[in-house]
Amino acid sequence: MVGFLIAERTQLFIEVRKQTVVLSIADIPLAIGLLVVPSVGLLVARLLADLIVLVIRRPGPGKVLFNIGVDATEVAVAVAIAYAIGIGGGVRSPMTWVAVGVGAATADVIGAVLVLIAIRVTGQRPGLQRLASLCIPALVLGIVGSALGLVVLLVVSVNPWGVVLLLLVLLVFALGYRSYGRFLTQHERLGRVYAFSKMVESVHSTSPVVAELLDYVRETLNADRASVWLRGSAGQSPDNLAELISAGDSDDTGRAGPDRIPVLTIGADSEQVRDDSGSTDDPIREQVVADGKTRLLSARHGRRPARKDAETLRTRHASEVIVAALRAGDEVYGTVEVADRRTKFSAFSRDDIRLLDNLASHLAAALQNQQLVGQLRHTAYHDSLTGLANRERFAQATQAAVDETRGSGSVVGVLLLGLDSVRDVSDSLGHDAGDQLRIAMAARLADHVSATSVAARTGANEFAVLVRAPDLSTVVDRARALHAKIHSPVDVAGLTIDIGLSVGVAAWPDHAGGGATLLQRADVAMGVAKNTDVPIATYHASMDHRSLYRLQLVTDLRTALATDEVSVRYQPKVLLNNRELIGVEALLRWDHPTYGAVEPDEFVPLAERTGLIGPLTTHVLSTALRQCRDWLDRGLRIAVAVNLSARNLLDPTFADKAVALLREIDVPADLLTFEITETSVMADPERSIPVLHRLHALGLGLAVDDFGTGYSSLAYLRRLPVDEVKIDKAFVLGMGTDLGDLAIVRAIVELGHSLGLRVVAEGVEDELSRDLLEGMDCDVMQGYLLSRALAPDRFDAWLAARSVPRPDQAGLPGRRLQIPN
């Protein structure tokens, strides 16, 4: 019995869940007992030694029964095999040696097999490698142990004092045996660390990284539970880091998500438990975060922790805990800890501290990689300025909503909101002010959309809202309600700005067959809302024809410029006092091969938005100057006027291009006049007015077109280097029947003359208007009373039929033309 008790002190522990399997060097006393003790006495001695050890260690009832059963089985098998082979020859007989060795080795192998069966019962599936790792050492130890036992008997039979020498040998053997056990344990842990590193490498962007890896840490250290705690660090908030714990996506509505708890605990059987311990002060975490050193607190096996450590253990309801740091470079941004080893025979050791420290470094790398992937994914699907979902994310959400709604009878609606005020705010107050307006709109959307809706920024000044509703009318009602809530003034850069807001509404399945076209249909409806000056427009199939028509015009305009489909026609301008022809206005006309005559009001704005206004203006200017040159070559001095857009005035190279054309075609600068509108100047007066001064300094004429319909006329008219003003035809057409229009025309004539400007009246279509203008001393008339805009050949015919030459004036080459009354 004493020999068995000594053997129990040199055990190899193999921990599986809450079970601890023990392999010992009990083969030495077993071999001796087979030869010197009766079979029953040997069994009783082994069981008594087991009972004494188990009373000291106090394992569970299941553990007691399992250990007693295994030991009893081993003794019975060894006795049966040894006596079957034969041990009657005594210790000096080789047959006895074989009988004892085979019996002990077989008993140990059967004991190892019983251990594997117990492991399988606990839920694991040990493979061939585990079978070999237990059975082969058991076989070897059985043979070696029995041999040592026989050697002891042989030595004693020769000289009892030889036992002293054998004790020394046995001591070395015991130490080597224990070292071998530690080697097996370390080898297994090294394999688990390697497997853990491979798990970290295989983590992908959508996997529940922390829960899976944390459970592996708990299993590797055979702990009852493991926890990870994350803190705000390196510019990161606990909420952002906690998204890694829950593997959740950010809120697409832009609202602050629910409070997240930055602690995750994995218990037995992979049970996940979230708690509030991360939000309170914790001394051990504070120490680990402060110096980055791994710490062990334990109250097991006679250890007495300090009062503060004991309180920490009580808070965790644990008897021992190891806490390791999670690092990002030199900074600690969290901790990982394990609590309560799942066996009563051994506690956490320094080897476990080093193991957890190693696993923590891999876990920290996995968290950082996961966070980086999450940030990249968030950046890919969210707008950097407003934080709302971007167009790609909104398209995905729309298609997903359509797929989920199929067959339910409900509809999926898209509300597309276009801000009409941003450009004016950016031009007047700067781009930062424009961004402030966009951010304010995003914040309002986030505050007023429902929890089931998705808000996104889909364009520079466009926002979209995805809604689910029982029918189309409900979608429209929600659009009206949303427009009413967010269409209110915004404080930007110390000013209160009124938001111009147009909303387009489209719904599936009423307006689109899938999510891909739903946003496009809402865009068409929003364009109609902008063009018709209504706050909300619902998509209709007829809108697509208009949208396709504009798209076709843009596509064909480039070709039209190259093939001369876009032509220039000329409308005469005549002095009212003597009917002298002083010039013409060059007007664009487009004879489209499919749509026929396309009005300038349709394709010129499209050219401005698509960047074609530059080539279009160059085409008109070049054509008009060549026609002017042709008239000069025939002895006719006729000035030409060409309209400019706001984009022309913002082009810093435009003046140089105009001068180059004048020199190339050899036309005097005073025969060219540029007509500008007040609106085009006001688009960016600080940039456009210097361009006008340069053009005027080169000798070109400048005229303000459509005067009276713009804004800030009096304030800016004195700053503009213009030679004439042109009264908008809307006032001229109504002056014969409307006293208000008549008064406006008279006031403009008097204002122009007081500023030393020539006044031109557009839209003169009857003799009454002509006579009224003449009575006001208006200078020039232009309109259908004289002629429509004519192609060059027809204009030549008109000149031949309606004008007579006047003598050349001194210093002015070319004849002057006069129109008879």
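Further up the page is the structure itself.
Residues numbered from 1 in each chain as written. Predicted model: local features only at pLDDT ≥ 70, side-chain atom pairs only at ≥ 80, totals over all residues. Heavy atoms only, no water.

Trainee: Hey, could you run me through the overall build of the protein in this one?
Mentor: When its secondary structure is counted, the protein shows 29 helices and 26 strands. Counting across all 821 residues of the protein, residues that qualify as buried make up 48%. Counting only carbon and sulfur atoms, one obtains 56% of the accessible surface of the protein, whose full area is about 39,100 Å². (Helix = DSSP H or I, 4+ residues; strand = E, 2+ residues; numbered from the N terminus. Buried < 20%, exposed > 50% of the residue type's maximum accessible area, 1.4 Å probe, protein only. Areas by Shrake-Rupley, 256 points an atom, 1.4 Å probe, with all protein chains shown as cover.)

Trainee: Would you mind showing me how to read the pattern of salt bridges here?
Mentor: Once their charged atoms are close, side chains differing in charge can pair, the charge on each being opposite to the other. Counting across every chain of the model gives 33 salt bridges. We note a salt bridge from R406 to D403, for which the minimum N-O separation is 3.6 Å. With relative accessibility at 45%, the residue R406 sits in the partly exposed group. For E774, the salt bridge identified is with R579, shortest N-O distance 3.6 Å. One end of the pair, E774, is in helix α28 (residues 767-775); the other, R579, is in the loop between β16 (566-575) and β17 (580-592), with 195 residues separating them in the sequence. (Salt bridge = Lys/Arg side-chain N within 4 Å of Asp/Glu carboxyl O.)

Trainee: What is the right way to look at the sheet that holds strand β15 (residues 536-538) in this model?
Mentor: Strand pairing within a sheet occurs via backbone hydrogen bonds; the two strands may be parallel or antiparallel. If you walk across this open sheet you meet the five strands as β10-β11-β9-β14-β15, and the pairing is mixed. Taken across any chain shown, the strands that pair with only one partner, and hence form the sheet edges, are β10 (454-457) and β15. For this sheet, the mean angle separating the axes of adjacent strands, direction not counted, is 20°. Contacting β9 (411-419), β10, β11 (462-469) and β14 (501-508), helix α13 (residues 391-405) crosses the sheet at an angle of about 15° to β11. (Pairing = 2+ DSSP bridges. Axes fitted to C-alpha atoms, helices over the stretch in contact; angles between N-to-C directions. Contact = heavy atoms within 4.5 Å.)

Trainee: Any chance you could explain the environment of A703 here in plain terms?
Mentor: In this fold, A703 is placed in strand β21 (residues 701-707). Judged by its relative accessible area of 0%, A703 is buried. C-alpha separation for the pair A703 and V642, spaced 61 residues apart in sequence, amounts to 9.8 Å.

Trainee: I'm lost on the nonpolar core in this one. Help?
Mentor: For soluble globular proteins, nonpolar side chains are generally found buried alongside one another. Ranked by size, the top nonpolar core spans 82 residues in total, and within it L625, I638, L672, F674, L773 and F795 carry the most contacts. With residues near it in sequence (within four places) discarded, I638 still touches L581, G583, V584, C628, W631, F795, L799 and L817. In terms of nonpolar packing, the next biggest core, distinct from the first, is built from 31 residues, M441, A455, A479 and V492 among them. (Core = buried A, V, L, I, M, F, W, Y, C linked by side-chain atoms within 4.5 Å.)

Trainee: Teacher, can you tell me more about the packing of helix α20 (residues 613-633) against helix α22 (residues 654-665) here?
Mentor: Any two packed helices are characterised by how steeply their axes cross, that is the angle between the axes, and by the distance between the axes. Running from N to C, α20 and α22 cross one another at 30°; their axes reach a closest spacing of 10 Å. As summarised for this structure, α20 and α22 are arranged roughly parallel, according to the angle between their axes. Remark: the crossing between α20 and α22 carries right-handed chirality. Residues T617, L621, S622, L625, R626 and R629 of α20 lie in contact with α22, whose contacting residues are F654, A658, L661, L662, E664 and I665. Residue composition of the contact of α20 with α22, grouped by class: seven nonpolar, two polar and three charged. (Parallel < 35°, antiparallel > 145°, perpendicular 65-115°, else oblique. Left-handed = near helix turned anticlockwise from the far one by under 90°. Nonpolar A, V, L, I, M, F, W, Y, C, P; charged D, E, K, R; others polar.)

Trainee: Just to check I follow, could you spell out unusual backbone geometry for this structure?
Mentor: Across the chain, the bulk of peptide bonds are trans and the bulk of non-glycine residues have phi less than zero. That bond from W508 to P509 is cis: its omega, 5°, falls within 30 degrees of zero. With respect to the secondary-structure elements, P509 resides in the loop between β14 and α17 (515-532). Phi angles above zero are rare outside glycine, and H317 is one such case at about 55°. Among the secondary structure elements, H317 is positioned in the loop between α11 (307-316) and β7 (320-328). We note that D777 has phi near 70°; this positive angle belongs to a residue other than glycine. Locating D777 in the fold gives a position in the loop between α28 and β24 (780-781). The exposure class assigned to D777 is exposed, which follows from its relative accessible area of 54%.

Trainee: Looking at this structure, I do not really get the packing of helix α10 (residues 283-291) against α11. What am I missing?
Mentor: Put simply, α10 and α11 touch, their axes get as near as 9 Å, and they point 115° apart. Taken as axis vectors, α10 and α11 run roughly perpendicular relative to one another. Every residue of α11 that contacts α10 at P283, I284, R285 and Q287 is listed here: K308, T312 and R316.

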